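If you want the building blocks of each chain, they are given just below.
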Amino acid sequence: MSANSENDETKTPKDVPKIRPCHLYKDEYDDCSSFKARFHQYFIYGKDTDCSQWLTDFQNCERYERSNGNDVEAGSAIVKSEEQRRLTRLRAHYANDTWMKRKEPPEDWAKPLPEWLEKRNENTYLELKQKELMGLAVPQEEARSYCSIM
């Protein structure tokens, strides 16, 4: 039984939830290769960007879906592409050493607002809605005007 479960594990690629629905890869490719996108790419980068990865991902997704998840190679290629795309998107975030990243919020993050700020926020729309949500105030209907100009 353990040999059977090992085969089941190797049949599905790691991190299957990272695979988007196939139509999204096609939409991304169509958007990337449209005239408007090409104009934008030329304006920003001075050249066209390579959209072939979106098409490859779409084709791999189609193969993966047609095989009902049995084409592990296609599924793994999509997952690898998604991870690469995520790393590229977050590269600046990980490289930022200006700010020290927190592991937990500050101890006093939920302390009450200063008195001057509470006074400024009295009777504002947000305060009234907050009281409504907390059950401290009765919801009020907005006053309607039935004025007509002739």
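The present account deals with the structure reproduced in this document. Model, not experiment: these values are computed from the prediction.

## What to know about helix α4 (residues 52-66)
In step 1: Along its 15 residues, α4 runs 21 Å from first to last C-alpha, staying within 8% of the 21 Å computed at 1.5 Å per residue.
In step 2: Every buried residue belonging to α4 is among Trp 54, Asp 57, Phe 58, Asn 60, Cys 61 and Tyr 64, and all of these are buried.
In step 3: Here the buried face of α4 lies against α2 (22-32) and α5 (72-95).
In step 4: Just downstream of α4, Asn 68 is the residue with a positive phi angle, here 55 degrees.

## Section: the pattern of salt bridges
In step 1: Taken as a whole and judged by the stated rule, the model has nine salt bridges.
In step 2: We note a salt bridge from Lys 18 to Glu 83, for which the minimum N-O separation is 3.1 Å. Highlighted residues: Lys 18 in the loop between α1 (2-11) and α2 and Glu 83 in helix α5, separated in sequence by 65 residues.
In step 3: Relative accessible area serves as the criterion here: at 35%, Lys 18 is assigned to the partly exposed category.
In step 4: For the salt bridge of Glu 82 with Arg 20, the shortest nitrogen-to-oxygen distance reads 3.1 Å. With Glu 82 in helix α5 and Arg 20 in the loop between α1 and α2, this residue pair connects regions lying 62 residues apart in the sequence.

## A closer look at unusual backbone geometry
In step 1: At Asn 68, a position not held by glycine, the phi torsion is positive, near 55 degrees.
In step 2: Structurally, Asn 68 can be placed in the loop between α4 and α5.
In step 3: With a phi close to 60 degrees, Asn 123 is a non-glycine residue in the positive phi region.
In step 4: Along the chain, the position of Asn 123 falls in the loop between α6 (115-120) and α7 (125-134).
In step 5: Its relative accessible area of 64% is what places Asn 123 among the exposed residues.

Rules and cut-offs
- Residues numbered from 1 in each chain as written.
- Predicted model: local features only at pLDDT ≥ 70, side-chain atom pairs only at ≥ 80, totals over all residues.
- Heavy atoms only, no water.
- Helix = DSSP H or I, 4+ residues; strand = E, 2+ residues; numbered from the N terminus.
- Expected span 1.5 Å × (residues − 1).
- Buried < 20%, exposed > 50% of the residue type's maximum accessible area, 1.4 Å probe, protein only.
- Contact = heavy atoms within 4.5 Å.
- Salt bridge = Lys/Arg side-chain N within 4 Å of Asp/Glu carboxyl O.

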